[in-house]
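# Coordinates in review
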4 protein chains.
Amino acid sequence: MAKNKERLQVETSVKDAQLIEFRRQQIINAAIVLFKEKGFHRATTREIAKVAGFSIGTLYEYVRTKEDVLYLLCDSIYNEVRQRLDSFPQYSGTVDELKEAIKQYFLLIDSMTDAFTIMYQESKSLSKEALHYVLNKELEMVALFQNILKNCSELGVLKLSEQELFLAANHIVIQGQSWAFRRWALHRHCTIDEFIEYQTNTFLCGIMRQE
Amino acid sequence: MAKNKERLQVETSVKDAQLIEFRRQQIINAAIVLFKEKGFHRATTREIAKVAGFSIGTLYEYVRTKEDVLYLLCDSIYNEVRQRLDSFPQYSGTVDELKEAIKQYFLLIDSMTDAFTIMYQESKSLSKEALHYVLNKELEMVALFQNILKNCSELGVLKLSEQELFLAANHIVIQGQSWAFRRWALHRHCTIDEFIEYQTNTFLCGIMRQE
Amino acid sequence: MAKNKERLQVETSVKDAQLIEFRRQQIINAAIVLFKEKGFHRATTREIAKVAGFSIGTLYEYVRTKEDVLYLLCDSIYNEVRQRLDSFPQYSGTVDELKEAIKQYFLLIDSMTDAFTIMYQESKSLSKEALHYVLNKELEMVALFQNILKNCSELGVLKLSEQELFLAANHIVIQGQSWAFRRWALHRHCTIDEFIEYQTNTFLCGIMRQE
Amino acid sequence: MAKNKERLQVETSVKDAQLIEFRRQQIINAAIVLFKEKGFHRATTREIAKVAGFSIGTLYEYVRTKEDVLYLLCDSIYNEVRQRLDSFPQYSGTVDELKEAIKQYFLLIDSMTDAFTIMYQESKSLSKEALHYVLNKELEMVALFQNILKNCSELGVLKLSEQELFLAANHIVIQGQSWAFRRWALHRHCTIDEFIEYQTNTFLCGIMRQE
DNA sequence: TATGAATGAGCTTTCATTCAT
DNA sequence: TATGAATGAAAGCTCATTCAT
């Protein structure tokens, strides 16, 4: 998996790296609560600072602009996803591995519905540069599933063209996210386990159709 | 298809109904351009009026608040969808009909990508009341596909539980919309026709798995 | 009584004098209702026209500015007062005549509380020129009572200096108006008749103190 | 004298209580100048801030709405009145005490003509809630004189019914205020001392008439 | 005469950001 | 490092007035 090392730098006047990490996590947590409740634009930096537990002045010691907060939030989500999916054994190309990856991804989304919804609905408010970075991360996530699918494909379980690989990977990512941004419709009709089961089955049947 | 007759009223001080219709279409068109470009919050009412071709005062003759503009936009999209899908012959329950409905829906989205994207990213900015109305419209759209699927199901082509019917219908709606809100990823990998083909095939194989 | 003949002209594009009179009375009536309810500034010209029963365009055929409406209203009040107090017999200088004048004045106010309150609270919104005119009218009203008092004074019933005459006349005018602008306090403690009785008695005792 | 402890709270984002007091006094002073000159509605918040000596943003750190400014102004007037009249010795029921109270009240008004005029002409622009509070304060002021009169009455100097007590107290309050809102008429005919003398005399003769 | 759609100056209010302490 | 008072650009919305019909 290609590593995207050039994480955009959010500058700080504070030096203590650990403190920075700590404060930023406080900021992200506050932001999730507030952005979920009122959206990026309606939430004010004052509120974020207050919920985070410090003053507006302090907020701006760890962040240059309000947009930085959103960026930090999106970035942290991708890190979570990466960590979750990286904790796997090497991919050997079996369908069970694919199933497990899907399951982990869906479960992660279920445990972070708010954060995912925010990312989905608010990332457009990022600057062009930051948005570009975030979309790249998103593509990385797609690529991740694309790779797993490719492994399966190469081992003969599936036979998919490059285009089909991409569309299939996209398919997984989107359906997973839909559990977050369409919670209002889905959650009252099924549990996350039922959802995973249904999605996995139909998805696998779908891509195995040619055989 | 259940008719949602209680369209929320957006008040006006203008009396000429035709003029209202005309001006509001101008407003919607302007809004699509601007909301796409900068999002609901960054677009100003002044800009909307300017792009629409009249003064800020005139804008507010046809709309009470900025939110009304967004509501009008969402509402008009659903009307388009309804019109498009209502223009069909009676549903007889064949798979071809299902395919055709999916196709029409996807093509509609393709021809209104911007409007759909806006609706999906900005509808959260609606007031509770208006949001509720819009989500209901969305559920109606899902129900529409649910009905077609049910027809197929009853005629023996498919065998789906109620839950599966709902999830399958959702599936279609979401994948269709993803063509709009993930255009940045999808459009460079395939055409709308390829996308339709791929989605239709995998979807049908997916839901026919039990046989 | 000195006549103030130079009534400020409110121009019109309409020629028919009777129609003008009629429409303006409609305007004044509407204005009384609305200014009472929301004050001069919060009442809009649109509303005035609507309550008056015609369109905003028509309103502006009979009035140059919103301020004109207020001016018309104030002016009409003074005319009412004048008419009411002019309908008396010649003043002969008896205390009974004074009592009667006070009574008529107070009763008039009681029958036009809203209009008087508006005049008292909103006349400051008139242009300098119009305000000047209105205040002159007010002084005329004071002068009217001043004259009656002078008559009494000259006939030996009272002995008042010029200054006392002025202050006493003012006293009457103010107490009368207070029945309007302090209705919220007074009306629940006494009727207009009790109020007149009380005011007349204390006033007369007051100014007759020297004897 | 009944204490009205529930002073309506005007919220602030500033924490330093002393600073709040100081800035608000600046705001009130600026408001008196401007409301006097152009009235509540024609004076803009920007102007108020400018005259007060700070930016519009700062104004809104100490006040939630423009109406709050008016409320603050009214409230401060009542506090002045209360302080002035509370600094007296216990009321013993002599006429001299009554005279002194009247004198102090009139002198206070004379030293704050603008503020009183504003309060009387603009308080109608307050919200229902704030207006109610202000009118209560006004009634308290009336009650204050009512009490003094009652003392006199009980000690045998005066014999007044409850209704007469109320009307007499109102009388004083109104005449005092008239020195403010009719300055244009009164000030050129007499000094405040002459006015006090005249009012006191006629008032006392008036209410002592029955004996 | 009567109408009412169009106009735009101008108002109140918000809020991201700075900087002296 | 942390604080929070100060700032002012910018936004949404209103409404008196005009003018073509």
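Residues numbered from 1 in each chain as written. Chains lettered and ligands numbered in written order. Predicted model: local features only at pLDDT ≥ 70, side-chain atom pairs only at ≥ 80, totals over all residues. Heavy atoms only, no water.

Taking an unreviewed UniProt entry as the reference, chain A is identified by name as TetR/AcrR family transcriptional regulator belonging to Metasolibacillus meyeri.

### Looking at the overall build of chain A
In plain terms, the rule: Helix and strand assignments follow DSSP, with helices taken as H or I runs no shorter than four residues and strands as E runs no shorter than two, numbered in order from the N terminus. Buried, partly exposed and exposed residues are distinguished by accessible area as a fraction of the type maximum, computed with a 1.4 Å probe on protein chains only: under 20%, between the cut-offs, and over 50%, respectively. The contact criterion used throughout is that any non-hydrogen atoms of two residues lie within 4.5 Å. In these tables, accessible area is a Shrake-Rupley quantity obtained with a 1.4 Å probe, and a residue counts as shielded only by the protein chains included in the view. We score Asp and Glu as negative and Lys and Arg as positive, and we do not count His or the chain ends. Where a charge lies is defined by one atom per residue type: Lys uses NZ, Arg uses CZ, Asp uses CG and Glu uses CD.
For chain A, the helix and strand inventory stands at 10 helices and 0 strands. When the helices and strands of chain A are read in sequence order from the N terminus, they spell out α-α-α-α-α-α-α-α-α-α. Principal axes of the C-alpha set define a box for chain A whose edges measure 60 × 40 × 30 Å. Expressed as a percentage of its 211 residues, the buried residues of chain A come to 52%. Long-range contacts, defined as pairs at least 24 residues apart, comprise 74% of the intrachain contacts of chain A with a sequence gap of at least 6. Counting every atom, chain A has about 9,700 Å² of accessible surface; 50% of that belongs to carbon and sulfur. Within chain A, the 28 negative side-chain charges are centred at a point lying 5 Å from the centre of the 26 positive side-chain charges.

### Observations concerning the protein's contact with DNA strand F
Applied cut-off: Any residue with at least one heavy atom within 4 Å of a molecule or strand is counted as near it. Any pair of N or O atoms that falls within 3.5 Å is considered a polar contact. Within protein, one atom must be able to donate a hydrogen and the other to accept it, and sequence-neighbouring residues count only if both atoms are side-chain atoms. Throughout this entry, Asp, Glu, Lys and Arg are counted as charged residues, while Ala, Val, Leu, Ile, Met, Phe, Trp, Tyr, Cys and Pro are counted as nonpolar. The remaining residues, Gly among them, count as polar.
As a structural note, the neighbourhood of DNA strand F is formed by 41 residues, with Tyr62(A), Tyr60(B), Arg23(D), Thr58(D) and Tyr62(D) the closest of them. By atom count, sugar and phosphate contribute 62% of the portion of DNA strand F lying within 4 Å of the protein. Within the backbone of Ser55(D), one N or O atom sits 3.2 Å away from a phosphate oxygen of DNA strand F. For the surface near DNA strand F, the secondary-structure elements that each account for two or more residues are helix H3 (56-59) of chain A, helix H2 (45-52) of chain B, helix H2 (45-52) of chain C together with helix H1 (17-42) and helix H3 (56-59) of chain D. Among the residues making up the surface near DNA strand F, the classes are represented as 15 nonpolar, 13 polar and 13 charged.

### Observations regarding the UniProt feature "DNA-binding region" (unreviewed entry) in chain A
Worth spelling out the cut-off: UniProt positions are given in the numbering used here, feature names are shortened, and annotations may be inferred rather than shown by experiment.
Those places that UniProt annotates as "DNA-binding region" (unreviewed entry) correspond, in this numbering, to residues 44-63 of chain A. Note that residues 44-63 of chain A is 60% helix and 0% strand, and that its end C-alpha atoms are spaced 14 Å apart.

### Quick notes on the arrangement of the chains
You won't find any contact between chain A and chain C; their C-alpha atoms come no closer than 30 Å. If you take every C-alpha in chain B and every C-alpha in chain D, the smallest gap between them is 21 Å, and the two do not touch.

### Section: the relation of the copies chain C and chain D
How we decide: Only residues with pLDDT of at least 70 in both copies contribute their C-alpha atoms to the least-squares superposition of the copies.
Superposition of chain C onto chain D requires a rotation of 179° combined with a translation of 0.0 Å along the rotation axis, giving an RMSD of 0.1 Å. When the rotation and shift are considered jointly, the pair of chain copies conforms to a two-fold rotation axis. No C-alpha of chain C lies nearer the rotation axis than that of Gly206(C), which sits 2.2 Å from it.

### Some thoughts on the protein's contact with DNA strand E
In the region of DNA strand E, 41 residues are neighbours, and Arg23(B), Arg46(B), Tyr62(B), Tyr62(C) and Tyr60(D) sit closest. When atoms of DNA strand E within 4 Å of the protein are split into backbone and base, the sugar-phosphate part holds 61%. Thr45(A) places a polar main-chain atom, nitrogen or oxygen, 2.7 Å from a phosphate oxygen of DNA strand E. Side-chain polar atom of Thr58(C) to a phosphate oxygen of DNA strand E: 2.7 Å apart, as the coordinates give it. Its residues assigned to classes, the surface near DNA strand E shows 15 nonpolar, 13 polar and 13 charged.

### Some details on the interface of chain A and chain B
Basically, it comes down to this: Buried area is a sum: the accessible area each of two parts loses on coming together, probed at 1.4 Å, counted once for each and added. Between Lys or Arg on one side and Asp or Glu on the other, a salt bridge is scored when a side-chain nitrogen of the former is within 4 Å of a carboxyl oxygen of the latter.
At the interface, 42 residues of chain A touch 42 residues of chain B. Each partner contributes to the roughly 3,800 Å² buried at the junction of chain A and chain B, and carbon and sulfur atoms together form 64% of this total. Here chain A is connected to chain B by 4 salt bridges. A salt bridge links Lys124(B) to Glu122(A); its shortest N-O distance comes to 3.8 Å. Our count for the chain A to chain B interface comes out at 13 residue pairs in polar contact (both at pLDDT 80 or more). For the side of chain A that touches chain B, the secondary-structure elements that each account for two or more residues are helix H1 (17-42), helix H6 (113-122), helix H7 (128-154), helix H8 (162-181), helix H9 (183-186) and helix H10 (192-207) of chain A. Of all the elements, H8(A) adds the most residues to the side of chain A that touches chain B, at 13 residues. Its residues placed into classes, the side of chain A that touches chain B shows 19 nonpolar, 14 polar and 9 charged.

### Thoughts on the relation of the copies chain A and chain B
Superposing chain A onto chain B takes a rotation of 179° combined with a translation of 0.1 Å along the rotation axis, leaving an RMSD of 0.2 Å. Comparing interface residues between copies, 98% of those in chain A also lie at the interface in chain B; the contact surface is shared.

### Thoughts on the packing of helix H5 (residues 95-111) of chain C against helix H8 (residues 162-181) of chain C
For any two helices packed against each other, one specifies the crossing angle of their axes together with the interaxial distance. Residue and element names in this part refer to chain C. Rules: Fitted lines through C-alpha atoms give the axes, limited to the stretch in contact for helices. The angle between two N-to-C directions lies from 0 to 180 degrees. Throughout, the term roughly parallel applies to angles under 35 degrees, roughly antiparallel to angles over 145, roughly perpendicular to angles from 65 to 115, and oblique to all others. Crossings are assigned a handedness: left-handed for a near helix turned anticlockwise from the far helix by less than a right angle, right-handed for a clockwise turn.
Packing of H5 against H8 leaves a shortest axis separation of 8 Å and a crossing angle of 25°. It follows from the interaxial angle that H5 and H8 lie roughly parallel. Like other packed secondary-structure pairs, H5 and H8 cross with a definite hand, here right-handed. Packed against H5, whose contacting residues are Ile102, Tyr105, Phe106, Ile109 and Asp110, the element H8 presents Ile172, Val173, Gln175, Gly176, Gln177, Trp179 and Ala180 at the interface.

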